[in-house]
Amino acid sequence: MTTTTIAIDMDIPAGVSVGEYERIDGGHAFHVSWQLPDNLCCETCQRESRLQLVEKNKFLSIRDLDLWGKPSFFVYQEVYHRCPSCGHRQSLLPPFKRRDVKYTFRFEEQVLVSLIGSTAEDVAVRLGIAAETVERIVKNRIEDAKAKQIDPQRKIERLGLDEISLRKGHKGYATILTDLTNAERPEILALSKGRDEAAGRACLEHLSAEQRSAVRWHHTDMSPAYLKACGVHLPNSQSVIDRFHVAKKLGEVADDLRKNYRAYKRSLSGEARKKLRSQMHDFRRRPEDLNPEQVQALEDLFEKVPSLGTIYHLRWEATKIFDSAPNRAEASRLLEDWIVQAREIEMDWEPFITMLKNNWEGILAYFEERKSSGPVEGLNTKIRVVLRRSYGIQSLTTLWTRILLDVNWAAKKLGPTVAEIRGFVNQIQKHFSGCYTKKRKSHFFLISFTITIEFFLREIRGLEAGLRRRLEGGSIYTA
Ligand SMILES: [Zn+2]
């Protein structure tokens, strides 16, 4: 492989400067510093004094946004202030993170945006963090939002109101309000607990009355809760239902309908049933994502069970309308035709049709406003595809990254103590056992788990031996 050097522009939080960049295996490290204050208020005695620096040779590394598909980290030296009055020592908090966490504020934002339409577990796996971390970020943000007011000068034309779920089947829901005015950069405005109308209203009430009446479009799912909240608080706004909500409902209805192939399934031998199961996987995929053999196999199946063919074609027919209708009028005509077709056959598409009819205006508005919440939508689709196809690999990569970053690289750069290495071990094990306890114990996953843990233990032993040698030689060991 050859390398070249190029310059790129990078956004950094205000007041922060980057001193050094280092490319590390599986990620990027930025050595950052920030402007220190002249005076400081002691957190114990509350007296203000000039900054009395106590420098420790301790470097911290915290997670920042991804860069070119790899995680990046801020590395900085921890700085302390010693209060001249009471002697209390306190660490200075950098402007880019909150206390007691290992990630930047903007990483928190990324987590929240990724949560729209995804579960906490999925987001955790994709970003290589623990599900508990995701939950903690949401909790902190809800706390922040209670106090925070949105800048009343902010011009907002387009809003999104979505539910984010932390755990399936639990009460762990929150409502997230995003500013979609700049489609490229959705920004989170507010967060509240729950996913009912009250939660939607609570989010919108962070905006001033003028701001609310200036909003022209709001994007929500089809549940009445958010539609009602927006109806009350956004008097001049048009509802837009984004296609991924429609697609989700369509998929659910199609899946329900397909269940009537059971009689056929029962008539098959074990081997043929296995084959059918893999075909049902293709059944859920778009025709253009299949190769010619898969298409042929599906066609053969449809010949035997024609109702399956009807479901398949109607489903992707509807999807095609959302892909290609050039404008609102055309979309309206095509959807009407589709409804007529669906009603002609002896199948219960009514749950989907009712949903279409009940949200007709909002769904058609999507065709005028196509660009709208594309970023969020695109992100979700990508995440899901990646997750479905490579769950095991995904977490394996994550684990590798953690090993390389937390152990190898940290050992080289920061000279960790034995206690810190133990800390790393615990962290990684905790992280991994989090993934492991999820219900997806595929065979592959179990194998990768074993191999990785073995590798990892060997690595740790090597590190500890190295440290011990250094200790015995009387070199740098800081307890
Ligand atoms: Zn003090």
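Just so you know, these numbers come straight off a predicted model, no measurement behind them.

Q: What am I meant to see in the overall build of the protein here?
A: Across its full length, the protein carries 18 helices and twelve strands. For the protein, buried positions account for 29% of its 479 residues. For the protein, the share of sequence-separated contacts (at least 6 apart) that also reach a separation of at least 24 residues comes to 60%.

Q: Just checking my understanding: could you explain the nonpolar core for this structure?
A: One broad rule of soluble globular proteins: the nonpolar side chains tend to lie buried together. Grouped together as the largest cluster of nonpolar side chains are 41 residues, with contacts concentrated most on V111, A124, V134 and L177. Only α1 (105-115), α2 (120-127), α3 (131-147), β8 (158-165), β9 (173-179), β10 (187-193), α4 (197-204) and α6 (224-233) provide two or more residues apiece to this core. Discounting residues that sit within four places of it in the chain, L177 has contacts with L159, L161, L189, A190, C203 and L204. Formed by 27 residues, the second largest nonpolar core is a distinct cluster that contains W217, I363, A365 and F367.

Q: Quick question: what am I supposed to make of the environment of E143 here?
A: Within the element layout of this structure, E143 appears in helix α3. For the pair E143 and S192, spaced 49 residues apart in sequence, the C-alpha to C-alpha distance is 8.8 Å.

Q: Explain the pairing of strand β12 (residues 238-241) to me, please; I cannot follow it from the model alone.
A: Side-chain direction in a regular strand flips from residue to residue, so the side chains alternate between the two faces of the sheet. As paired strands, strand β11 (residues 217-220) and β12 are joined by four bridges and run parallel to one another. The residue bridging T220 from the neighbouring strand is I241, located in β12. In this view, the connection linking β11 to its parallel neighbour β12 by way of α6 has right-handed handedness.

Q: For this particular structure, what's the right way to read the packing of helix α9 (residues 270-283) against helix α10 (residues 292-304)?
A: Between two packed helices, what matters for the description is the angle formed by their axes and the separation of those axes. Put simply, α9 and α10 touch, their axes get as near as 10 Å, and they point 110° apart. Relative to α10, the element α9 lies roughly perpendicular. Here α9 contributes Q279, D282 and F283 to the contact with α10, which in turn contributes Q294, A297, L298 and L301.

Q: What is the right way to read unusual backbone geometry from this model?
A: Note on backbone geometry: most residues besides glycine have negative phi, and most peptide bonds are trans. Backbone geometry places Q46, a non-glycine residue, at a positive phi of 65°. Relative to the helices and strands, Q46 is located in the loop between β3 (39-41) and β4 (48-50). On the basis of neighbour counts, which here come to 10 C-beta atoms within 10 Å, the residue Q46 falls in the exposed class.

Q: How should I be thinking about the sheet that holds β12 in this particular structure?
A: As a general point, the strands of a sheet are linked pairwise by backbone hydrogen bonds and lie either parallel or antiparallel. Pairing is mixed across the open sheet formed by five strands, whose spatial order is β10-β9-β8-β11-β12. Only two strands of the sheet have a single partner each, and these edge strands are β10 and β12. For this sheet the average axis-to-axis angle between neighbouring strands, irrespective of direction, equals 25°. Pairing between β8 and β11: three bridges, direction parallel. Looking at β11, one finds that G160 is bridged to H219. Strands β9 and β10 of the sheet are contacted by α3, whose axis makes an angle of about 95° with β10.

Q: What am I meant to see in α2 here?
A: One turn of the α-helix equals 3.6 residues, which is why residues spaced by three or four share an orientation. For α2, the buried fraction is high: eight of the eight residues fall into the buried class. For α2, the set of buried residues is A120, E121, D122, V123, A124, V125, R126 and L127.

Q: Is there a simple way to explain the pairing of β9 in this structure?
A: Of all the seven residues making up β9, six are buried; the element is thus mostly covered by neighbouring parts of the structure. Judged from the seven bridges that link them, β8 and β9 form a sheet pairing that is antiparallel. Its bridge partner being in β9, L161 is matched across the sheet by L177. As paired strands, β9 and β10 are joined by six bridges and run antiparallel to one another. When the sheet's bridge partners are listed, T178 is paired in β10 with I188.

Definitions and cut-offs
- Residues numbered from 1 in each chain as written.
- Predicted model: local features only at pLDDT ≥ 70, side-chain atom pairs only at ≥ 80, totals over all residues.
- Helix = DSSP H or I, 4+ residues; strand = E, 2+ residues; numbered from the N terminus.
- Buried ≥ 20, exposed ≤ 12 C-beta atoms within 10 Å, placed from the backbone.
- Contact = placed C-beta atoms within 7 Å.
- Core = buried A, V, L, I, M, F, W, Y, C linked by C-beta atoms within 7 Å.
- Pairing = 2+ DSSP bridges.
- Right-handed = clockwise from strand over helix to strand, strands pointing away.
- Axes fitted to C-alpha atoms, helices over the stretch in contact; angles between N-to-C directions.
- Parallel < 35°, antiparallel > 145°, perpendicular 65-115°, else oblique.

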